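Breakdown of the fold
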Amino acid sequence: MREDRFLTSTREIGATDIWSTETAPVKIHEVRNPGRKSEISREQILDAAATLFRDQGYAATSMRQISNAVKMKAGSIYYYFATKEDVLHAVLDVGERAVANSTKRYLKSAGPDACHRRRIECAIEGHLRALVEKSIYTSAYVRNYGQLPDEIKRRHRRRRNAYSRLWDGLFIEAKKAGEIRANISVVSLRLFVLGALNWTVEWFDPNIHSVDELIRRTPVFIFDGIGIHDTSADAE
């Protein structure tokens, strides 16, 4: 089964073109008021690691850099995580769970009698809100997943495949109900939609743009497109 970032292919949305660890400067991102080792939480370490993975890539990030980011002695981080790969898995888990749980929660809010378009709109909102609210984790996920070795990806396939099936089910039911075109490939549609949603981590700034406006506009683009609909053609 082909791998995709949050169920979208790296090749399809060009992650490798927008990120190069060869040219990215090494930055140290400090966690605010980290305190002594006993006061440093696992969450603080993961926040720092996710930021570094996002900004310079997993391959270019060392355990020492993560330790420095939380003002921890280099060896002390191993009290929390045995390897850098363990840190990565934890970061990916946070991103995956945030998106999947948010999408399911907003889907549930649609109610049992909602039309299929409304259900898909709620799923889109859940996905987008998770991307924004857990931005350092989702950005780290989107920017790194396609470049990771297969042995690392393998651990995350079950959850990713389940999330893929959730979206496929939404589109299949909408097709059966006649709410989306019958000639659209469900897999291609899912890759397109999730690719568009995931790409927002590259350009969306909540300090400039309204999250609510983003959520309102996105389903309109997906369902109605950008072309002008000619009603006279329908009459013919």
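Bear in mind the structure is a predicted one, so any value in this text is a computation, not a measurement.

What follows covers the overall build of the protein chain. Per the secondary structure count, the protein chain includes twelve helices and zero strands. Within the protein chain, the proportion of its 236 residues that are buried is 47%. Long-range pairs, those at least 24 residues apart, make up 73% of the contacts in the protein chain between residues at least 6 apart in sequence. Counting only carbon and sulfur atoms, one obtains 49% of the accessible surface of the protein chain, whose full area is about 12900 Å².

Quick look at the layout of surface pockets now. Approximately 360 Å³ is the volume attributed to the largest pocket. Surrounding the largest pocket, 17 residues form its lining, Trp203, Leu214, Arg217, Thr218 and Phe221 being those nearest its centre. Sorting the residues of the lining of the largest pocket by element identifies α10 (186-203) and α11 (211-224) as the ones contributing at least two each. Residue contributions to the lining of the largest pocket peak at seven residues, all from α10. When the residues that make up the lining of the largest pocket are grouped by side-chain class, the tally is ten nonpolar, five polar and two charged. In this structure, the second largest pocket spans a volume of roughly 250 Å³. If you go around the second largest pocket, the residues you meet are Ile120, Phe171, Glu179, Ile180, Arg181, Ile184, Leu189, Ile222, Phe223, Asp224 and Gly225.

Our next topic: helix α3 (residues 42-56). Residues three or four positions apart in an α-helix share a direction because the helix packs 3.6 residues into each turn. Counted at 1.5 Å a residue, the expected span for α3 with its 15 residues is 21 Å, and the 21 Å between its end C-alpha atoms agrees. What α3 keeps buried is the set Gln44, Ile45, Leu46, Ala48, Ala49, Ala50, Thr51, Leu52, Phe53, Arg54, Asp55 and Gln56. Each element contacted by the buried residues of α3 is listed here: α4 (63-69), α5 (84-109) and α7 (135-144).

Here the focus is the pattern of salt bridges. Where charged atoms from two side chains of opposite charge come close, those side chains can pair. Taken as a whole, this structure holds 16 salt bridges when the rule is applied. The salt bridge partner of Arg129 is Asp212, with a shortest N-O separation of 2.7 Å. Note that Arg129 is positioned in helix α6 (residues 116-133) and Asp212 in helix α11, a separation of 83 residues in sequence. A salt bridge links Asp150 to Arg157; the nearest nitrogen and oxygen atoms lie 2.2 Å apart.

We now examine the packing of aromatic side chains. For the coordinates displayed, the defined rule picks out six aromatic pairs. Aromatic ring contacts, followed pair by pair, group Tyr163, Trp167 and Phe171 into a single cluster. Between the NZ or CZ atom of Arg160 and the centre of the ring of Tyr145, over which it lies, the distance is 3.8 Å.

Here α5 contains 26 residues, and its C-alpha end-to-end distance of 38 Å stays within 8% of the 38 Å for a straight helix at 1.5 Å per residue. Remark: Gly111 follows α5 within two positions and exhibits a positive phi of approximately 85 degrees.

Let's shift gears to the side chain of His127. Positionally, His127 belongs in helix α6. Side-chain polar atoms of His127 contact the side chain of Asn198, separated by 2.7 Å.

Let's shift gears to the side chain of His89. Looking at where His89 falls in the secondary structure, it is placed in helix α5. Side chain to side chain, His89 and His156 meet in a polar contact 2.8 Å long.

Before going further, it helps to spend a moment on the packing of α7 against α10. Packed helix pairs are specified by the crossing angle of their axes together with the interaxial distance, meaning the distance between the axes. Packing of α7 against α10 brings their axes to within 10 Å, and their N-to-C directions diverge by 110 degrees. Relative to α10, the element α7 is oriented roughly perpendicular. Read as a crossing pair, α7 and α10 show a hand that is left-handed. On the side of α7, the interface is formed by Thr138, Ser139, Val142 and Arg143, while α10 contributes Asn198, Val201 and Glu202. When its residues are assigned to classes, the contact of α7 with α10 shows two nonpolar, three polar and two charged.

At a minimum axis distance of 8 Å, the contact between α5 and α7 shows a crossing angle of 110 degrees. It follows that α5 is roughly perpendicular to α7 by the angle criterion. Here Val91, Leu92, Val94, Gly95, Glu96 and Val99 of α5 come into contact with α7, specifically with Tyr137, Thr138, Ala140 and Tyr141. Residue composition of the contact of α5 with α7, grouped by class: seven nonpolar, two polar and one charged.

What counts and how
- Residues numbered from 1 in each chain as written.
- Predicted model: local features only at pLDDT ≥ 70, side-chain atom pairs only at ≥ 80, totals over all residues.
- Heavy atoms only, no water.
- Helix = DSSP H or I, 4+ residues; strand = E, 2+ residues; numbered from the N terminus.
- Buried < 20%, exposed > 50% of the residue type's maximum accessible area, 1.4 Å probe, protein only.
- Contact = heavy atoms within 4.5 Å.
- Areas by Shrake-Rupley, 256 points an atom, 1.4 Å probe, with all protein chains shown as cover.
- 1 Å grid on protein atoms, 1.4 Å probe; cavity = no way out; pocket = protein on both sides within 12 Å on 5 of 7 lines; lining within 4 Å.
- Points joined across faces, edges and corners; volume = space filled by probe spheres on them.
- Nonpolar A, V, L, I, M, F, W, Y, C, P; charged D, E, K, R; others polar.
- Expected span 1.5 Å × (residues − 1).
- Salt bridge = Lys/Arg side-chain N within 4 Å of Asp/Glu carboxyl O.
- Phe/Tyr/Trp six-rings, centres within 6.5 Å; stacked < 30°, edge-to-face > 60°.
- Lys NZ or Arg CZ within 6 Å of the ring centre and 35° of its normal.
- Polar contact = N/O pair within 3.5 Å; in protein donor to acceptor, adjacent residues only side chain to side chain.
- Axes fitted to C-alpha atoms, helices over the stretch in contact; angles between N-to-C directions.
- Parallel < 35°, antiparallel > 145°, perpendicular 65-115°, else oblique.
- Left-handed = near helix turned anticlockwise from the far one by under 90°.

Geometric values such as these leave the question of function open.
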